[in-house]
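The chain contents come next:
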Amino acid sequence: VSINTSAIGNPELISSAANVFGSSTIVVSIEVIKQSNGKYMAFTDNGRNVTGKEVVSWAKEVQKLGAGEISLTSVDREGSGKGFDLTLAKSVTEAVSIPVVVHGGAGNMKHVLDLANEVTVSGIAIASLFHYNYIKHNRNTEGYEEEGNIDFLKSNKILSNIQSVSIEELKSYLLQ
C-alpha cells in the first residue's frame, strides 16, 4: 500500500495500516519541491498542494510511525530528463533506516549510474527512459482514434533531453 495525501492529513493512518498489514507493506510516497530558499518541502496531489512539512523531518516521522518504505519523488525533476536531485536523495536516505526508492529526473543511463554510485538507495524508479523506448519500438496508433489525443504517438517525437533506452540496455550499461 502506498499512501501520500491521506498520510499527510492523518499521520496515524501510517501506524494503523502498519499494525494491520505490517510495516513492510506500507510505503509512504513523498512528493518534493525544492523551494527558492533551498528547503525541500513535501507536497500532495502531484505537487499541487503545499503541506508545510519539511521533507527530512517528514521522512523521519513516517519511519517512526511505522512505514516500511519511502517512495521519494522530486516533482521538480520528474519528466525533465535533468537527472536526479542527488542532494535530496542523500538527505533522506541518510536520515532514515527504511528503504528509499528515488524517482524523478532520469534522462539518460548516466543519471541512473550517478544516483546508484553517489547515494545508497534501495531502488530507482524510472519511467520516461523506458516509455520512449517502448513507444519507439511498439508504436501502434491504429484503432485508438477514439481514445483521445494521440498526435504525440503519431509524431514519432522523443523529448531531446531523454534518452530512449530498453531495460536490457540499462542493465548492461550498469553492469559495465
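Up top is the structure.
As the structure is a computational prediction, the values presented were derived from the model and not from experiment.

1. Structural notes on the overall build of the protein chain
When helices and strands are counted, the protein chain shows eight helices and seven strands. Of all 176 residues assigned to the protein chain, the portion counted as buried reaches 42%. Pairs at least 24 apart in sequence give 62% of the contacts found in the protein chain among residues at least 6 apart. As presented, the protein chain carries roughly 9800 Å² of accessible surface, and 48% of it is formed by carbon and sulfur atoms.

2. Focus: the pairing of strand E5 (residues 69-74)
By the bridge criterion, six bridges tie strand E2 (residues 27-34) to E5 in an arrangement that is parallel. Residue pairing for E5: Glu 31 is matched across the bridge by Thr 73. Strand direction decides the pairing type here: E5 and strand E6 (residues 100-103), joined by four bridges, are parallel. Following the sheet pairing, Ile 70 is matched in E6 by Val 100.

3. Structural notes on the environment of Thr 73
Mapped onto the fold, Thr 73 is located in strand E5. By relative accessible area, which is 9% here, Thr 73 ends up buried. Dropping the residues within four chain positions of it, Thr 73 is found in contact with Ile 30, Glu 31, Val 32, Glu 78 and His 103.

4. Quick look at the packing of helix H5 (residues 109-118) against helix H8 (residues 167-175)
Where H5 meets H8, the axes come as close as 10 Å, and the angle between the chain directions of the two elements is 50°. Here H8 runs oblique to H5, going by the angle between their axes. Note that H5 runs across H8; the crossing there is right-handed. Along the contact surface, H5 presents Met 109, Lys 110, Val 112 and Leu 113, while H8 presents Glu 169, Leu 170, Tyr 173 and Leu 174. Residues that form the contact of H5 with H8 fall into these classes: six nonpolar, no polar and two charged.

5. Regarding the side chain of Ser 166
Tracing the backbone shows Ser 166 in the loop between helix H7 (151-155) and H8. Here Ser 166 falls in the buried class, since its relative accessible area comes to 14%. The residues contacting Ser 166, other than those within four sequence positions of it, are Phe 130 and Asn 133.

6. Structural notes on helix H2 (residues 12-21)
Those residues of H2 that fall on the buried side of the exposure criterion are Ile 14, Ser 15, Ala 17 and Ala 18. Buried residues of H2, viewed axially, fall in a sector of 165°; they line one side. In this structure, H2 carries Asn 19 and Val 20 as exposed residues pointing more than 90 degrees from its buried face. Its buried side turned inward, H2 meets strand E1 (2-3), helix H1 (5-9), E2 and helix H3 (55-64).

7. Quick notes on the packing of H3 against helix H4 (residues 86-95)
Running from amino to carboxyl end, H3 crosses H4 at an angle of 35°, the nearest separation of the two axes being 9 Å. Two packed elements cross with a definite hand, and for H3 against H4 that hand is right-handed. Of H4, the residues touching H3 (which contributes Val 55, Val 56, Ala 59 and Lys 60) are Leu 88, Ser 91, Val 92 and Ala 95. Broken down by class, the residue content of the contact of H3 with H4 amounts to six nonpolar, one polar and one charged.

8. Overview of unusual backbone geometry
Glycine aside, residues mostly have negative phi angles, and peptide bonds mostly take the trans form. Notably, Asp 45 is not glycine yet its phi reads approximately 55°, a positive angle. Within the element layout of this structure, Asp 45 appears in the loop between strand E3 (40-44) and strand E4 (49-54). Judged by relative accessible area, which is 35%, Asp 45 ranks as partly exposed. The phi dihedral of Asn 46 falls on the positive side, at around 55°, and the residue is not glycine. Inspection of the secondary structure assignment puts Asn 46 in the loop between E3 and E4.

Analysis parameters
- Residues numbered from 1 in each chain as written.
- Predicted model: local features only at pLDDT ≥ 70, side-chain atom pairs only at ≥ 80, totals over all residues.
- Heavy atoms only, no water.
- Helix = DSSP H or I, 4+ residues; strand = E, 2+ residues; numbered from the N terminus.
- Buried < 20%, exposed > 50% of the residue type's maximum accessible area, 1.4 Å probe, protein only.
- Contact = heavy atoms within 4.5 Å.
- Areas by Shrake-Rupley, 256 points an atom, 1.4 Å probe, with all protein chains shown as cover.
- Pairing = 2+ DSSP bridges.
- Axes fitted to C-alpha atoms, helices over the stretch in contact; angles between N-to-C directions.
- Parallel < 35°, antiparallel > 145°, perpendicular 65-115°, else oblique.
- Left-handed = near helix turned anticlockwise from the far one by under 90°.
- Nonpolar A, V, L, I, M, F, W, Y, C, P; charged D, E, K, R; others polar.
- Arc of directions from axis to C-beta.

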